[in-house]
Amino acid sequence: MIRFTRVRKEYPRTGTALNDVTFSIAKGEFVFLTGPSGAGKSSILKLIYMDELPTHGEVWVSGTRSTGVKRKEISLLRRKLGVVFQDFRLLEDRSIEANVAFALDVIGTPADKIRTKVSRLLTQVGLASKATNLPRELSGGEQQRVAIARALANDPFVLVADEPTGNLDDRATRGVFQLLREINTAGTAVIMATHNLDLVKRHDFRVLEVNRGQIVFDSADEKGRVPEITP
Amino acid sequence: MKLALREAMIGFRRAPMLSALSITTIAFSLFAFGLFSLVALNLREALRQVESRVEIRAFLADDASVESIADAMKVIGDYAEVARVEYVTQEQALERARTELKEFSDVFEAGFLPASVDVRLREGFRSPEQVADVAQRIRTFAFVDDVRFGAEWIQKLYTIRNVATAAGIILGLVFAGVAIIIISATIRMAVMARAREISIMRLVGATDGFIRQPFLIEGFVKGIMGGVLALGLTWFASLVISKYFVQTTFFETRFTLLGLLGGAVIGVLGSALSVGRQIRKVT
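Residues numbered from 1 in each chain as written. Chains lettered and ligands numbered in written order. Predicted model: local features only at pLDDT ≥ 70, side-chain atom pairs only at ≥ 80, totals over all residues. Heavy atoms only, no water.

## Overview of the interface of chain B and chain A
Accessible area lost when the parts come together is the quantity often used to give the size of an interface.
Then step 1. Listed per partner, the contact involves 18 residues of chain B and 21 residues of chain A.
Then step 2. Area buried by chain B at its contact with chain A is led by Arg196(B), Leu203(B) and Val204(B), which between them contribute 34% of it.
Then step 3. The salt bridge partner of Arg94(A) is Glu197(B), with a shortest N-O separation of 3.1 Å.
Then step 4. Run the count over chain B and chain A and you get seven residue pairs in polar contact (both at pLDDT 80 or more).
Then step 5. When contributions to the side of chain B that touches chain A are tallied by element, the ones reaching two or more residues are helix 1 (2-14), helix 7 (195-203) and helix 8 (208-244) of chain B.
Then step 6. Considering each element in turn, the side of chain B that touches chain A owes the most residues, six residues, to helix 7 of chain B.
Then step 7. Here the side of chain B that touches chain A is built from residues that sort into eight nonpolar, two polar and eight charged. (Contact = heavy atoms within 4.5 Å. Buried area = accessible area lost by both parts, 1.4 Å probe. Salt bridge = Lys/Arg side-chain N within 4 Å of Asp/Glu carboxyl O. Polar contact = N/O pair within 3.5 Å; in protein donor to acceptor, adjacent residues only side chain to side chain. Helix = DSSP H or I, 4+ residues; strand = E, 2+ residues; numbered from the N terminus. Nonpolar A, V, L, I, M, F, W, Y, C, P; charged D, E, K, R; others polar.)

## Regarding the pattern of salt bridges
Residues and elements named next belong to chain B.
Then step 1. Applying the stated criterion across every chain, the model contains 26 salt bridges over all chains.
Then step 2. Linking Lys-222 and Glu-218 is a salt bridge whose minimum nitrogen-to-oxygen distance equals 3.4 Å. Note that Lys-222 and Glu-218 are positioned in helix 8 at a spacing of four residues, about one turn of the helix.
Then step 3. Since its relative accessible area comes to 3%, Glu-218 is described here as buried.
Then step 4. Put simply, Glu-55, Arg-57, Arg-96, Asp-118 and Arg-120 are held in one network by salt bridges that share partners. (Buried < 20%, exposed > 50% of the residue type's maximum accessible area, 1.4 Å probe, protein only.)

## Some remarks on the sheet that holds strand 2 (residues 82-88) of chain B
Residue and element names in this part refer to chain B.
Then step 1. What the four strands build is an open sheet, ordered 2-3-1-4; its pairing is antiparallel. Two strands bound the open sheet, and with one partner strand each, they are strand 2 and strand 4 (144-148). Averaged over all pairs of adjacent strands, the angle between strand axes in this sheet comes to 20°, irrespective of strand direction.
Then step 2. Relative to strand 4, strand 1 (residues 55-60) runs antiparallel, the two being bridged by four bridges. Within the sheet, the bridge partner assigned to Arg-57 lies in strand 4 and is Arg-148.
Then step 3. This element, helix 4 (residues 90-100), spans strand 1, strand 2 and strand 3 (116-121) of the sheet and lies at about 100° to strand 2.
Then step 4. Sheet strands in contact with helix 5 (residues 128-139) are strand 1, strand 3 and strand 4, and its direction is about 170° off that of strand 4. (Pairing = 2+ DSSP bridges. Axes fitted to C-alpha atoms, helices over the stretch in contact; angles between N-to-C directions.)

## With respect to the environment of Arg94(A)
Then step 1. Relative to the helices and strands, Arg94(A) resides in the loop between strand 6 (81-85) and helix 3 (96-105).
Then step 2. Taking the C-alpha atoms as reference points, Arg94(A) and Ser42(A), 52 residues apart in sequence, are found 28 Å from one another.
Then step 3. Sequence-distant contacts of Arg94(A), defined by excluding residues within four places in its chain, comprise Asn99(A), Phe102(A), Leu134(A), Pro135(A), Glu7(B), Ile10(B), Arg14(B) and Glu197(B).
Then step 4. At a separation of 3.1 Å, a polar atom in the side chain of Arg94(A) contacts the side chain of Glu197(B).

## Points about helix 7 of chain B
Residue and element names in this part refer to chain B.
Then step 1. Counting buried positions along helix 7 gives seven out of nine residues, so the element sits mostly inside the fold.
Then step 2. Here helix 7 has its buried residues at Glu-197, Ile-198, Ser-199, Ile-200, Met-201, Arg-202 and Leu-203.
Then step 3. Two residues or fewer past helix 7, Gly-205 is found with a positive phi of approximately 100°.

## Topic: the domain arrangement of chain A
Residues and elements named next belong to chain A.
Then step 1. Taken domain by domain, chain A consists of domain 1 (1-80 + 158-231) and domain 2 (90-155).
Then step 2. Placing the centre of domain 1 and that of domain 2 at their C-alpha centroids yields a distance of 24 Å.
Then step 3. Across the boundary between the two partners, domain 1 contributes ten residues, which contact eleven residues of domain 2.
Then step 4. With both sides pooled, the region where domain 1 packs onto domain 2 buries about 940 Å², and carbon together with sulfur makes up 71% of that total. (Domains from an automatic or database assignment.)

## Observations regarding the layout of surface pockets
Then step 1. The calculated volume of the largest pocket comes to roughly 890 Å³.
Then step 2. Along its surface, the largest pocket is lined by 37 residues, and Phe33(B), Ser37(B), Phe251(B), Phe255(B) and Leu258(B) are the ones closest to its centre.
Then step 3. If you list the elements that add at least two residues to the lining of the largest pocket, you get helix 2 (16-51), helix 6 (151-193), helix 8 and helix 9 (253-281) of chain B.
Then step 4. Sorting elements by how many residues they give to the lining of the largest pocket places helix 9 of chain B first, with eleven residues.
Then step 5. Estimated volume of the second largest pocket: approximately 400 Å³.
Then step 6. Lining the second largest pocket are 17 residues; nearest its centre among them are Ala101(A), Asp105(A), Ile114(A), Leu3(B) and Arg6(B).
Then step 7. Among the secondary structure elements, those contributing two or more residues to the lining of the second largest pocket are helix 3 and helix 4 (111-124) of chain A together with helix 1 of chain B.
Then step 8. With five residues, helix 1 of chain B is the single largest residue contributor to the lining of the second largest pocket.
Then step 9. When its residues are assigned to classes, the lining of the second largest pocket shows nine nonpolar, two polar and six charged. (1 Å grid on protein atoms, 1.4 Å probe; cavity = no way out; pocket = protein on both sides within 12 Å on 5 of 7 lines; lining within 4 Å. Points joined across faces, edges and corners; volume = space filled by probe spheres on them.)

## Thoughts on the packing of aromatic side chains
Then step 1. All told, the structure shown has twelve aromatic pairs over all chains when counted by the stated rule.
Then step 2. Residues Phe32(A) and Phe177(A) carry aromatic rings whose centres are separated by 5.8 Å and whose planes lie at 10° to one another, so their mutual orientation is stacked. With a gap of 145 residues between them, Phe32(A) in strand 3 (residues 30-34) and Phe177(A) in helix 6 (residues 170-185) connect regions that are remote in the sequence. A single burial state applies to Phe32(A) and to Phe177(A), both of which are buried.
Then step 3. Aromatic rings pair up to connect Phe30(A), Phe32(A), Phe177(A) and Phe205(A) into one cluster.
Then step 4. Between Arg89(A) and the ring centre of Phe85(A), over which it is positioned, the NZ or CZ distance is 3.7 Å.
Then step 5. Here the basic side chain of Arg137(B) rests over the ring of Tyr79(B), its NZ or CZ set 4.5 Å away from the ring centre. (Phe/Tyr/Trp six-rings, centres within 6.5 Å; stacked < 30°, edge-to-face > 60°. Lys NZ or Arg CZ within 6 Å of the ring centre and 35° of its normal.)

## Re the domain arrangement of chain B
Then step 1. Taken domain by domain, chain B holds domain 1 (2-48 + 163-281) and domain 2 (55-149).
Then step 2. In this structure, domain 1 of chain B and domain 2 of chain B have C-alpha centres spaced 54 Å apart.

## Section: a nonpolar patch on the surface
Then step 1. On the surface, Phe255(B), Leu258(B), Leu261(B), Val265(B), Leu269(B) and Leu273(B) cluster together into a nonpolar patch covering about 570 Å² of accessible area.
Then step 2. As for its position among the elements, Val265(B) is in helix 9. (Patch = residues over 30% accessible without salt bridge, like charges linked within 9 Å, V, L, I, M, F, W, Y side chains within 5 Å. Areas by Shrake-Rupley, 256 points an atom, 1.4 Å probe, with all protein chains shown as cover.)

So, in structure tokens, the structure goes:
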């Protein structure tokens, strides 16, 4: 479903971010992406939703190849995956309902379908009662739930989460993580970049550890070995 | 489309000063164009009046018979270009000369001026070539002594009119170009003001074409608003000129609609030229 083959990524200013990265992720998997800041976690995620393209090597995501990919194909790919960030990225001047509807609206979903879908999504993330609130009237955890609802709007096959709990306290972190697990149980793959080692250790999900632009540990390769996770 | 419209309106709300700047720029470009067109239009009106007085005068030999003159006048009157043919006797010519040149009225004597056939041409047949052509045909009648039609004068009128029209078009294009450049520049700021929406749109899979739409709609609306403002200013200017200087004619409705359309074209073109490049900068 997602395959990186000898991927190298260089940025004009900061140099090599990833070097010879190869891995694949299957349908419905839950994967933690760990590693220190600047290790290349975000670069990997950006390559998945093709916000960046590899300098060398190739990325395959659900039938879309990074080599020679057209902008239009990238737009279509994004309709099949959901992305959430540490900073939520909500539109501050619109209700949370409008924030979720926005994702459906921009790809031309009919209005009546948007209404039913938005209310279903807000119920799923536990925010049906706050549909008309503005984002700033919500707690951090709730705002991240809105972002997740938006990411789920197009029924993605994978949810890409870049430090989704990075700005949240423990309680909110547990809540958001629980939501991600539920989403995964329902069949959507989840790739979550995180610094939260407690979270990683407490759950038996696949761990991909990145350091200095390379995959230094993949729990799928070394079943049974205790992962040496660098903070 | 509905969403694009809504987003365009948000663009106005979020950057009112920027929108006002774009509208004003379009308005002033079109206003300058409008003023010049007004001058050209009124100049043309004035020239048309002068032109209507263009006359071919065929002086007749003294021995020309009345019958042959009447026949010739009938033939000339049948020319497609001719509006009116008039016979001026020696006495009438003398009378006319005396009223037109009062101070010399004593100098003129009976029989001093020849009789003539005066020919006026229809509108649309008064170009220098056409006048010369008709004059040439009149010259072929045996009893015609000489034909006068002020060739150089007609030529000059035409040159002035053509220069005025060309200057109007060139100036209009230059101003439109300036407006387009300024709008392209404001798009950069408009895109930055909506960077968050754009980045989210892109994240959830909106195509570039879709992201561009609100900006093009915004450009269109600004162009129409600029056009309306320019129209108001031009109309006001023509009122002031009419009141304090000379009576002026204002544009026909068709031309004012063309002005609005011009504004819309400037707005959309200015936006289209830079929006693609600018939205690609938003990640």
